[in-house]
Amino acid sequence: GHALRERLQQGLPLPAPARTHRVQVVVAGGGIAALAAARALQRAGVSDVALLELEDQPGGNSRAGMVGGLPCPLGAHYLPVPGDDAPEVQELLEALGVRERRAGRWHYQDAYLCFSPQERLFIHGEWVEGLLPTHDVADRTLAQYQRFAQLVSGAMRAQRFSMPVARSWDQNNGLAPVHQALDAIAFDTWLAQHQLDDAHLRWYLDYACLDDFGAGCAHVSAWAGLHYFASRHGFQAPGAHDEPPESVLTWPQGNGWLAAQLAAPAQQAGWLHTGHTVLQIAEGPRGVTVDTWNTAAHRMERWQAAHCIVALPTFIAARVVQNPPDFLLAAVNALDWAPWTVTNIHIREPLTDRPGAELAWDNVLYDDVQNGGLGYVNAGHQRLHAQQPLPTVLTCYRALGGVGAAQTPRAARQQLHSQSWEHLRDQTLATLARAHADIYEKTTRV
């Protein structure tokens, strides 16, 4: 995309299509939505399909990479064990051999479930288990944890929350009025209305919103903030044992494993075309015309199809779809996009730890969340002996949509655009050095 922009800025027009293809269905995009669409088409018996992907491999934000010969995520790194609201996901995991029925009960393969310990928090110079701050907190903090848990439970009783969200929609009216009212105010505002102002609770809720949405409580709606908890197992205050902790599925390469499984049938069928930048999608009386730039061949190509499934990010779709429908323009105007950075760090052997809880799958630094830092996941966590002196990859996440009202996603995007990769590398290493003094000595590649 950037290469094409530079070409146009230099006054070099795009050439006419050098080749025209004809298929029944074009899928524009190669992320999880596109791969799911391809799977549905294949199951429906459609055989003439082209899936056009910008990158060299499909998967979008769920792609995986290799650093120092070790697999690691480039984006999404886990999947919550799906509930009964998501039978399609349950069925997919069954087809992939992740889930199976034993003696009449469903079980998930141990190799794919995140081992314990799942999470730890670096706070006051030491590691503690779990991410909710509970060590040496005041009674007032614990009382607010309990109050928030009660409010989440009440919201779940008042109106159903679900994943996927469509399961809780009214097909004619969209979100229920109770949810619409929550979606009309910021999560920050809702918390203030309920006198929830404890610094530790607010820290944790900012972390949760950053983790799911890329921005903190000041930028997401009350519906979104509650959905994080109410669509899963609620909010568990310390000492509560009503619900089991949430189980997650994860792999060394994160959700890249799932993306690869979804992509395999499309690749085998010859549907997948990587390195194709979709430039224009136009609907006409005889079907749909999709123009692409073939990166490897350095040429324009045209795809004529009876149908096109647009599985692109909304703001991209609004640019490439000619005469975009009103609902697409309305969605673009209503949404903002929070930028992320993902930094993979190859270390030659385990880092020296500060006192406290042992290395976990998910490791968060308390003082860094205000800057959008969400800590790191350890690609070697699923090994039977994770503490062996073997190399591993730490995948560090930073959500830059802003915690306070002063920082906006738009400003964060502009700032990120102006920063060098060296700046981001140094920022990440300096942050980790607060908990791991030998990070510089043991890092071999970033």
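Before reading further, recall that the structure is shown in the block above.
A few points on the structure.

Quick notes on the rules
Residues numbered from 1 in each chain as written. Predicted model: local features only at pLDDT ≥ 70, side-chain atom pairs only at ≥ 80, totals over all residues. Heavy atoms only, no water. Helix = DSSP H or I, 4+ residues; strand = E, 2+ residues; numbered from the N terminus. Buried < 20%, exposed > 50% of the residue type's maximum accessible area, 1.4 Å probe, protein only. Contact = heavy atoms within 4.5 Å. Areas by Shrake-Rupley, 256 points an atom, 1.4 Å probe, with all protein chains shown as cover. Lys, Arg positive; Asp, Glu negative; His and termini not counted. Charge placed at Lys NZ, Arg CZ, Asp CG, Glu CD. Pairing = 2+ DSSP bridges. Axes fitted to C-alpha atoms, helices over the stretch in contact; angles between N-to-C directions. Parallel < 35°, antiparallel > 145°, perpendicular 65-115°, else oblique. Nonpolar A, V, L, I, M, F, W, Y, C, P; charged D, E, K, R; others polar. Phe/Tyr/Trp six-rings, centres within 6.5 Å; stacked < 30°, edge-to-face > 60°. Lys NZ or Arg CZ within 6 Å of the ring centre and 35° of its normal. 1 Å grid on protein atoms, 1.4 Å probe; cavity = no way out; pocket = protein on both sides within 12 Å on 5 of 7 lines; lining within 4 Å. Points joined across faces, edges and corners; volume = space filled by probe spheres on them. Core = buried A, V, L, I, M, F, W, Y, C linked by side-chain atoms within 4.5 Å.

**Here's the deal with the overall build of the chain**
Step number 1: On a plain count of helices and strands, the chain comes out with 14 helices and 19 strands.
Step number 2: Along the three orthogonal principal directions, the C-alpha set of the chain runs to about 70 × 55 × 55 Å.
Step number 3: Residues counted as buried form 45% of the 446 residues belonging to the chain.
Step number 4: Across the chain, contacts joining residues at least 24 apart in sequence account for 69% of those joining residues at least 6 apart.
Step number 5: Summing over all exposed atoms, the chain offers an accessible surface of approximately 22,500 Å²; the carbon and sulfur share of this is 51%.
Step number 6: Across the chain, the mean location of the 33 positive side-chain charges is 7 Å away from that of the 43 negative side-chain charges.

**Focus: the pairing of strand 9 (residues 126–129)**
Step number 1: Pairing analysis gives four bridges linking strand 8 (residues 119–123) to strand 9, with the strands arranged antiparallel. Counterpart to leucine 121 in the pairing with strand 9 is valine 128.
Step number 2: Linking strand 8 back to strand 9 in an antiparallel pair, the connection comprises two residues, with histidine 124 at a positive phi of about 55°.

**Let's talk about the sheet that holds strand 8**
Each strand in a sheet pairs with another by means of backbone hydrogen bonds, the pair being arranged parallel or else antiparallel.
Step number 1: Strand order in the open sheet formed by seven strands is 9-8-16-17-18-15-19, with mixed pairing between adjacent strands. Because the sheet does not close on itself, it has two edges, and the strands there are strand 9 and strand 19 (443–445). Along the sheet, successive strands turn relative to each other by an average axial angle of 30°, direction set aside.
Step number 2: By the bridge criterion, two bridges tie strand 16 (residues 362–365) to strand 17 (residues 373–378) in an arrangement that is antiparallel. Note that in strand 17 the partner of asparagine 363 across the bridge is tyrosine 376.
Step number 3: On the sheet, helix 13 (residues 421–433) packs against strand 15 (340–347), strand 16, strand 17, strand 18 (392–399) and strand 19 and is oriented at approximately 65° with respect to strand 15.

**Description of the packing of helix 7 (residues 199–213) against helix 8 (residues 222–230)**
Step number 1: Contact geometry of helix 7 with helix 8 gives a least axis separation of 10 Å together with a crossing angle of 90°. The angle between helix 7 and helix 8 falls in the class roughly perpendicular. From helix 7, Tyr204, Leu205, Ala208, Cys209, Asp211, Asp212 and Phe213 reach across to helix 8, where they touch Ala224, Gly225, Tyr228 and Phe229.
Step number 2: Broken down by class, the residue content of the contact of helix 7 with helix 8 amounts to eight nonpolar, one polar and two charged.

**Regarding the packing of aromatic side chains**
Step number 1: Applying the stated criterion across every chain yields a total of 20 aromatic pairs.
Step number 2: Cluster of aromatic residues (ring-pair linked, three or more members): Tyr145, Phe148, Phe187, Trp190, Trp203, Tyr204, Tyr207, Tyr228, Phe229, Phe235 and Tyr366.
Step number 3: The side chain of arginine 99 reaches across the aromatic face of tryptophan 106, ending 3.8 Å from its centre.
Step number 4: A cation sits over an aromatic face here: arginine 232 above tyrosine 228, 4.7 Å from the ring centre.

**Re unusual backbone geometry**
Step number 1: Put simply, methionine 163 and proline 164 share a cis peptide bond, and its omega is 0°.
Step number 2: As for its placement among the helices and strands, proline 164 is situated in the loop between helix 4 (139–158) and helix 5 (177–183).
Step number 3: Phi angles above zero are rare outside glycine, and histidine 298 is one such case at about 55°.
Step number 4: Tracing the sequence through the fold places histidine 298 in the loop between strand 13 (287–294) and strand 14 (299–310).
Step number 5: In this structure histidine 298 comes out as exposed when scored by relative accessible area, which is 60%.

**Here's the deal with empty space enclosed by the protein**
Step number 1: Per the counting criterion, the structure on display carries three cavities of 30 Å³ or more.
Step number 2: When its volume is computed, the largest cavity comes out at roughly 110 Å³.
Step number 3: Lining the largest cavity we find 13 residues, and of these Asp368, Gly375, Cys396, Tyr397 and Arg398 sit closest to its centre.
Step number 4: Taken together, the residues of the lining of the largest cavity sort by class into five nonpolar, six polar and two charged.

**Re the environment of alanine 143**
Step number 1: Within the secondary structure layout, alanine 143 lies in helix 4.
Step number 2: Counting along the chain gives 40 residues from alanine 143 to aspartate 183, while the straight-line C-alpha distance between them is 26 Å.

**Some points on the pairing of strand 6 (residues 99–102)**
Step number 1: Relative to strand 7 (residues 105–108), strand 6 runs antiparallel, the two sharing four bridges. Looking across to strand 7, one finds that glutamate 100 is bridged to histidine 107.

**What to know about the nonpolar core**
Step number 1: Phe148, Phe187, Trp190, Leu205, Leu226, Phe229 and Phe235 are the most contacted members of the largest nonpolar core, which has 49 residues in total.
Step number 2: Broken down by secondary-structure element, the contributors of at least two residues to this core are strand 8, helix 4, helix 6 (187–193), helix 7, helix 8, strand 17 and strand 18.
Step number 3: Considering each element in turn, this core owes the most residues, eight residues, to helix 7.
Step number 4: Here leucine 226 is in contact with Phe148, Val152, Ala155, Phe161, Leu182, Phe187 and Trp190, once residues within four sequence places are set aside.

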